[in-house]
Amino acid sequence: MDTKNIKLSNETKEDFILCDAALQVIAWINDGRDIELKLILADDNTAILRCSWVDSLEIDIHSKTREIGIGFTWETQVEKKADRWQIILDFAFNGIIKFECSAAWLTIKPET
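Residues numbered from 1 in each chain as written. Predicted model: local features only at pLDDT ≥ 70, side-chain atom pairs only at ≥ 80, totals over all residues. Heavy atoms only, no water.

In terms of helices and strands, the chain carries 0 helices and 9 strands. For the chain, the sequential pattern of α-helices and β-strands runs β-β-β-β-β-β-β-β-β. Relative to a compact globule of 112 residues, whose C-alpha radius of gyration would be 13 Å, the chain shows 14 Å and is just as compact. With the principal axes as the frame, the chain shows a C-alpha extent of 40 × 35 × 25 Å. Going through the 112 residues of the chain one by one, you find that 38% of them count as buried. (Helix = DSSP H or I, 4+ residues; strand = E, 2+ residues; numbered from the N terminus. Rg over C-alpha atoms; globule rule 2.2 N^0.38 Å. Buried < 20%, exposed > 50% of the residue type's maximum accessible area, 1.4 Å probe, protein only.)

Right, let's get into the pattern of salt bridges. Scanning all chains against the criterion turns up 5 salt bridges. Measuring nitrogen to oxygen at the nearest pair gives 2.7 Å for the salt bridge that ties Glu36 to Arg50. With a gap of 14 residues between them, Glu36 in strand β3 (residues 34-40) and Arg50 in strand β4 (residues 46-52) connect regions that are remote in the sequence. For Arg84, the salt bridge goes to Asp55, with nearest N and O atoms at 3.0 Å. (Salt bridge = Lys/Arg side-chain N within 4 Å of Asp/Glu carboxyl O.)

This part is about the sheet that holds strand β9 (residues 103-109). Read across the sheet, 5 strands follow the order β1-β9-β4-β3-β2 without closing on themselves; strand pairing throughout is antiparallel. Across the chains shown, the open sheet's two edge strands, defined by having one partner strand only, are β1 (4-7) and β2 (22-29). Sheet twist, expressed as the average angle between the axes of neighbouring strands with direction ignored, equals 15 degrees. As paired strands, β1 and β9 are joined by 4 bridges and run antiparallel to one another. Pairing of Asn5 across the sheet is with Thr107, part of β9. (Pairing = 2+ DSSP bridges. Axes fitted to C-alpha atoms, helices over the stretch in contact; angles between N-to-C directions.)

Judged by nonpolar contacts, the single largest core of 25 residues is most densely connected at Phe16, Cys51, Ile87, Leu89, Phe99, Cys101 and Ala104. Taken together, the elements giving at least two residues each to this core come down to β3, β4, β7 (84-90), β8 (95-101) and β9. Once residues within four sequence positions are removed from consideration, Leu89 is found in contact with Leu37, Leu39, Thr73, Glu75, Thr76, Gly95, Ile96, Ile97 and Phe99. (Core = buried A, V, L, I, M, F, W, Y, C linked by side-chain atoms within 4.5 Å. Contact = heavy atoms within 4.5 Å.)

Looking now at the pairing of β8. Covered by surrounding structure in β8 are Gly95, Ile97, Phe99 and Cys101 only, the residues Ile96, Lys98 and Glu100 on the alternate face being uncovered. Inspection of the sheet shows strand β5 (residues 55-61) paired to β8 by 5 bridges, in the antiparallel sense. Across the sheet, the residue bridging to Ile61 is Gly95, located in β8. Where β7 and β8 come together, 6 bridges link them in antiparallel fashion. Bridge pairing in β8 places Leu89 opposite Ile97. Counting the residues in the hairpin turn of β7 and β8 gives 4 residues, including Ala92, whose phi is positive at 55 degrees.

Any functional reading would require information that these geometric values do not contain.
Have a look at this one:
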C-alpha cells in the first residue's frame, strides 16, 4: 500500500471515519492553532490527522485503575457545520476528543 493523503471534503468525509484505532499522539502545532493526532489503525497502518484552526476543543480521556492505554475508537463522527468541520473521536467508555476546525487532512501510511 502506498501512502494516501486525503483532504477532508463532503466527498471524502467517509475516509475520516477511524474505528478501532488506537490513539498514540496528540500534538499542538503551528503555535497551537492546529492539532495533529497520530493513530494506529486496526490493520496496523498509521493514520495522521492534521486539523487547522482548531477551536471548541474538548479532550476527556481517562482509564480505569490498572488499565493501560485508552483503548480504541468506538466511533468517529465528521460533520460539516457552516464553514467549519466538527470531528468527534469516541473512545467508548474511555472518553472523547471533540473539536471544530477549518480544514483537515488525513495521511495513511503503511505499517513499517
